[in-house]
Amino acid sequence: MQYLVSVIDDKTHPGSTDRQPAISAFNERLIAEGYWVFAGGLADTDAATVVDNRGEQAVFSDGPFVESKEYLAGVWVWEAPDLDVALELATEASKVCDRKIEVRPFR
Amino acid sequence: MSDVEEAVTRAHHGEWARVVAALTRRFGDLDIAEEAAAEAFATAVERWPADGVPPNPGAWLTTTATRKAIDRIRRENKRDDKQKEARMLDDALPEPLGAIDDDRLRLIFTCCHPALAMETRVALTLRMVGGLTMPEIARAFLVAESTMGQRITRAKAKIKAARIPYRVPSAADLPARVSGVLAVLFLVFNEGYLATGPGTDPVRHDLTAEAIRLTRLIRALLPDDGEVTGLLALMLLVEARRSARVSAGGELVALDEQDRGAWDAELIAEGHRLVRERLAAAAAGVAPGRYQILAAINAVHTSARDIRDTDWAQIRALYDQLVRVDPSPMSALNRAIAVAELDGPEVALAAVDRLEDKLAGYHAYHATRADLLRRLGRSGQARAAYDKAIDLAGNTAETASLTRRRDRLR
């Protein structure tokens, strides 16, 4: 079962910025234990563009699809046997990243 | 009630969770398990009056439910994954008894999974483990039946989609997960004991009885967990006072005014036995948790034949212990009530006033203050505190009692 694991950052109360070494070590462990499928950090939401081509012509808008205090800062895709395993890893990930983490299964 | 009806009711209480649990393990799907179990009980209602009650109702129900589930899977999966179907259907029919208790435990842990919202856990536990119908649960929590139906449907969908495992947590996770289960059961009990809402009975015996029944089940499954035993003892000792707690006029009767002869001696004896069991464990060095301490406090209350015989020093000592384990403002508030008996209302009032920041929105805070102020002869302030308590109280019997005490003020 694959889970999308989102790292949620908070514009008003951002977490600490020195997490990279700890995250790298955590990633090594995810790989070694067979949970790691994919991971990536995202550029700031200012760099986002939303494309809407449902009408007659495509409309491009500058910025994310929803403006909010909290935003997606990065994602993992994990392979885990069940939600308990994913939640246990996410609990650790939240500590490691110093951020909130959302766990959501793929269909 | 006829003998057959009684047998069906008894089987429903005793076997529902077992049937749902066994089918969930077999078919890996709460929906299939629940519907097949409901169909099996409906079949029992039709057939038992004519055919007689089977010698082993549990086995009869499980077999019948399994057949219903297989029929349903065959109907729905005509073109579906044949292999999966074959695997489900090839299993031998009756399961060995040993594995079944484990199944019920798995079912409870699944329904009380921390990834589900608390209100959802309560609803799902009452439905899947308690066997309450959707209208019954909706009525219990004063929400529309459709809302409750959606809540349960969404929970089952999440369990399936997110793959919440159907298993007993590992030894390392067990204590934390059991405490979540106990919190669900205590919530059910409390809603029954001090029911909220203008149109409900002040005491919902259906809910308190259900909470006790499910806690008994957990205790049978986890006999060595002290907090499970503690919670059961607590519920029994509180339930024992139920009939003395509401007057003929529908008013809540405080502990000091209750007719102690109306208390249920059998429940008290059982509760005391369980508390003694935990005291022995505590003497052997096992630190008691919140429910065990609350049970012990209730054991002291129920040991006194007369309110004047109450051992308040022991009650205060137990509250001191409780505040260390559970430093919530509610524990501190209840401790202050014992302090009032020992050191007088003035000392207690000072302790209560310190809790204002945390408890100002809670009726029990104002009710406690009002009583202390009344005892100190500060009628004006007492009246204002009673008014606040009456505004915030959700239980009709409690509102009536507070109103009477307010109106008696000079």
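The numbering scheme is per chain: residues are counted from 1 as the chain's sequence reads. Working convention: letters from A go to chains and numbers from 1 go to ligands, in the order in which they are written. For a predicted model such as this one, the threshold for reporting local features is a pLDDT of at least 70, and the threshold for listing and counting side-chain atom pairs is 80 or more; totals across whole chains, interfaces and linings nevertheless cover every residue. Hydrogens and water are ignored here; the side-chain numbers use all heavy atoms of the structure.

**Student:** Looking at this structure, how should I read the overall build of chain B?
**Tutor:** Under the DSSP-based scheme used, a helix requires at least four consecutive residues in state H or I and a strand at least two consecutive residues in state E, with every element numbered from the N terminus. A tally of helices and strands in chain B yields 21 helices and 0 strands. Overall size of chain B, expressed as C-alpha extent along the three principal axes, is 80 × 50 × 40 Å. The buried share of chain B, reckoned over its 410 residues, is 50%. Here, residues are in contact when the closest pair of their heavy atoms is within 4.5 Å. Contacts spanning at least 24 positions in sequence make up 64% of the contacts within chain B whose residues lie at least 6 apart. A total of about 19,500 Å² of accessible surface is found on chain B, and carbon and sulfur atoms cover 51% of it. In this count, Lys and Arg are taken as positive residues and Asp and Glu as negative ones, while His and the chain termini are left out. Each charge is placed at NZ for Lys, CZ for Arg, CG for Asp and CD for Glu. Where the 58 positive side-chain charges of chain B centre and where its 58 negative ones centre are 3 Å apart. Think of it in three bands: with a 1.4 Å probe and only protein chains considered, a residue is buried below 20% of the maximum accessible area for its type, exposed above 50%, and partly exposed in between. Here the Shrake-Rupley method, with its probe set to 1.4 Å, supplies the accessible areas, and only the displayed protein chains count as covering residues.

**Student:** It is not clear to me how the interface of chain B and chain A should be interpreted in this structure. Could you clarify?
**Tutor:** By a widespread convention, an interface's size corresponds to the accessible area lost as its parts come together. Contact residues are listed per partner, giving 10 residues for chain B and 9 residues for chain A. Throughout, the accessible surface (probe 1.4 Å) given up by two parts as they are put together, summed over both, is called the buried area. In total, about 740 Å² of surface goes out of reach between chain B and chain A, with carbon and sulfur atoms giving 52% of it. If you sort the residues of chain B by the area they bury against chain A, Ala 162, Arg 163 and Arg 167 of chain B come out on top, with a joint share of 55%. Salt bridges are defined as contacts in which a side-chain nitrogen from Lys or Arg sits within 4 Å of a carboxyl oxygen from Asp or Glu. For the pair chain B and chain A, the interface holds 3 salt bridges. Ionic pairing is found between Arg 167 of chain B and Asp 82 of chain A, a salt bridge with its closest N-O pair at 2.8 Å. Looking at the side of chain B that touches chain A residue by residue, the classes come out as 5 nonpolar, 1 polar and 4 charged. Here the term charged refers only to Asp, Glu, Lys and Arg, the term nonpolar to Ala, Val, Leu, Ile, Met, Phe, Trp, Tyr, Cys and Pro, and the term polar to all other amino acids, Gly among them.

**Student:** Help me understand the domain arrangement of chain B, please; the structure alone is not making it clear to me.
**Tutor:** Residues and elements named next belong to chain B. Segmenting chain B into domains produces domain 1 (1-79) and domain 2 (103-202). Where a domain begins and ends is set by an automatic assignment or by a domain database. Here the C-alpha centre of domain 2 lies 21 Å away from the C-alpha centre of domain 1. Taken together, the contact pairs 15 residues of domain 1 with 13 residues of domain 2. When domain 1 packs against domain 2, close to 1,400 Å² is buried across both sides, 59% of that on carbon and sulfur atoms. Looking at the side of domain 1 facing domain 2, the largest losses of area belong to Trp 16, Leu 30 and Glu 34, adding up to 39% of the total buried there. Counting every contact that joins domain 1 to domain 2 gives 5 salt bridges. For Asp 29, the salt bridge goes to Lys 160, with nearest N and O atoms at 2.8 Å. Two N or O atoms count as a polar contact when they lie within 3.5 Å, although within protein this holds only if one can serve as hydrogen donor and the other as acceptor, and sequence-adjacent residues are included solely when both atoms are side-chain atoms. For the pair domain 1 and domain 2, the interface holds 8 residue pairs in polar contact (both at pLDDT 80 or more). Elements with a contribution of two residues or more to the side of domain 1 that touches domain 2: α1 (3-27) and α2 (30-51).

**Student:** Can you walk me through the nonpolar core in this structure?
**Tutor:** A general tendency of soluble globular proteins is for nonpolar side chains to be buried together. To define a nonpolar core, start from buried Ala, Val, Leu, Ile, Met, Phe, Trp, Tyr and Cys residues and group those joined through side-chain atoms within 4.5 Å. Counting 113 residues, the largest nonpolar core has Trp 76 and Trp 78 of chain A together with Leu 107 of chain B as the members making the most contacts within it. In this structure, Leu 107 of chain B is in contact with Ala 17, Val 20, Ala 21, Thr 24, Leu 30, Met 128, Val 129 and Tyr 166 of chain B, ignoring residues within four places of it in sequence. In this structure, Val 352, Leu 355, Leu 359 and Tyr 365 of chain B belong to the second largest nonpolar core, which totals 24 residues.

**Student:** Would you mind going over the packing of helix α16 (residues 329-343) of chain B against helix α17 (residues 345-353) of chain B with me for this structure?
**Tutor:** Think of two packed helices as two axes; the pair is described by the angle between the axes and how far apart they sit. Residue and element names in this part refer to chain B. One way to put it is that α16 packs onto α17 with a least axis distance of 7 Å and a crossing angle of 160°. One way to sum up the angle between α16 and α17 is to call them roughly antiparallel. Seen along the crossing, α16 lies across α17 with a hand that is right-handed. Two secondary-structure elements touch here, α16 through Leu 333, Ala 336, Val 339, Ala 340 and Asp 343 and α17 through Pro 345, Val 347, Ala 348, Ala 351 and Val 352. Class assignment of the residues belonging to the contact of α16 with α17 gives a composition of 9 nonpolar, no polar and 1 charged. Axis lines are fitted through C-alpha atoms, for helices just across the contact stretch, and the angle between N-to-C directions can take any value from 0 to 180 degrees. Any angle from 65 to 115 degrees is called roughly perpendicular, while one under 35 is roughly parallel, one over 145 is roughly antiparallel, and all others are oblique. By the definition used in this description, the sense in which the near helix is turned from the far one sets the handedness, with an anticlockwise turn below a right angle giving left-handed and a clockwise turn giving right-handed.

**Student:** What's the story with helix α19 (residues 363-375) of chain B in this structure? I'm lost.
**Tutor:** Side chains three or four residues apart in an α-helix point the same way, a direct result of the helix having 3.6 residues per turn. Residues and elements named next belong to chain B. With 13 residues, α19 should reach 18 Å at 1.5 Å per residue; the first-to-last C-alpha distance of 18 Å fits that figure. Of the positions making up α19, those classed as buried are His 363, Ala 364, Tyr 365, His 366, Ala 367, Thr 368, Arg 369, Ala 370, Asp 371, Leu 372 and Leu 373. Residues of α19 that are buried sit in contact with α16, α17, α18 (356-359), α20 (379-392) and α21 (396-407). Here, expected helix span is obtained from the residue count minus one, scaled by 1.5 Å.

**Student:** How do you make sense of the pairing of strand β4 (residues 59-62) of chain A when you look at a structure like this?
**Tutor:** Note on strand geometry: in a regular strand, side chains alternate between the two faces of the sheet. Residue and element names in this part refer to chain A. Strands qualify as paired when DSSP identifies two bridges or more between them. As judged from the 4 bridges shared by strand β3 (residues 49-52) and β4, these two strands associate in the antiparallel manner. Bridging from a neighbouring strand, Asp 52 pairs with Val 59 of β4. Linking β3 to β4, which pair antiparallel, is a turn of 6 residues.

**Student:** Please explain the pattern of salt bridges as it appears in this structure.
**Tutor:** Oppositely charged side chains are able to pair whenever their charged atoms sit close together. Following the criterion strictly, the structure yields 39 salt bridges over all chains and no others. As a salt-bridge pair, Arg 99 of chain A and Asp 9 of chain A come within 3.0 Å of each other at their nearest N and O atoms. With a gap of 90 residues between them, Arg 99 of chain A in the loop between α2 (83-97) and β6 (100-105) and Asp 9 of chain A in strand β1 (residues 2-10) connect regions that are remote in the sequence. Just as Arg 99 of chain A is buried, Asp 9 of chain A falls in that class too. Arg 375 of chain B is the salt-bridge partner of Glu 341 of chain B, the closest N and O atoms lying 3.6 Å from each other. Pair noted here: Glu 341 of chain B is in helix α16 and Arg 375 of chain B is in helix α19, with a separation of 34 residues, a long-range link.

**Student:** What should I look at first to understand the UniProt feature "domain: RNA polymerase sigma factor 70 region 4 type" (unreviewed entry) in chain B in this one?
**Tutor:** Mapped onto this numbering, the UniProt entry annotates "domain: RNA polymerase sigma factor 70 region 4 type" (unreviewed entry) at residues 108-159 of chain B. As annotated, residues 108-159 of chain B has a helix share of 73% and a strand share of 0%, and its two end C-alpha atoms lie 13 Å apart. UniProt positions are given in the numbering used here, feature names are shortened, and annotations may be inferred rather than shown by experiment.

**Student:** Would you mind going over the side chain of Asp 9 of chain A with me for this structure?
**Tutor:** Residue and element names in this part refer to chain A. Overall, the relative accessible area of 8% leaves Asp 9 in the buried class. At 3.0 Å, the side chain of Asp 9 and the side chain of Arg 99 are in polar contact. Among all residues touching Asp 9, those that are not within four sequence positions of it are Pro 14, Gly 15, Lys 69, Glu 70, Tyr 71, Ala 73 and Arg 99.

**Student:** Got a minute to help me understand the pairing of strand β5 (residues 70-79) of chain A in this structure?
**Tutor:** All names here are of chain A. Where β1 and β5 come together, 9 bridges link them in antiparallel fashion. The residue of β5 that forms the bridge with Val 5 is Trp 76. Of the pairings in the sheet, the one linking strand β2 (residues 36-41) to β5 comprises 5 bridges and is antiparallel in character. Directly across from Trp 36, in β5, lies its bridge partner Trp 78.

**Student:** Whenever I open this one, the environment of Ala 117 of chain B confuses me. Can you help?
**Tutor:** If you trace the backbone, Ala 117 of chain B turns up in the loop between α5 (97-111) and α6 (118-129). Placed 38 residues apart in sequence, Ala 117 of chain B and Ala 155 of chain B show a C-alpha to C-alpha distance of 8.9 Å.

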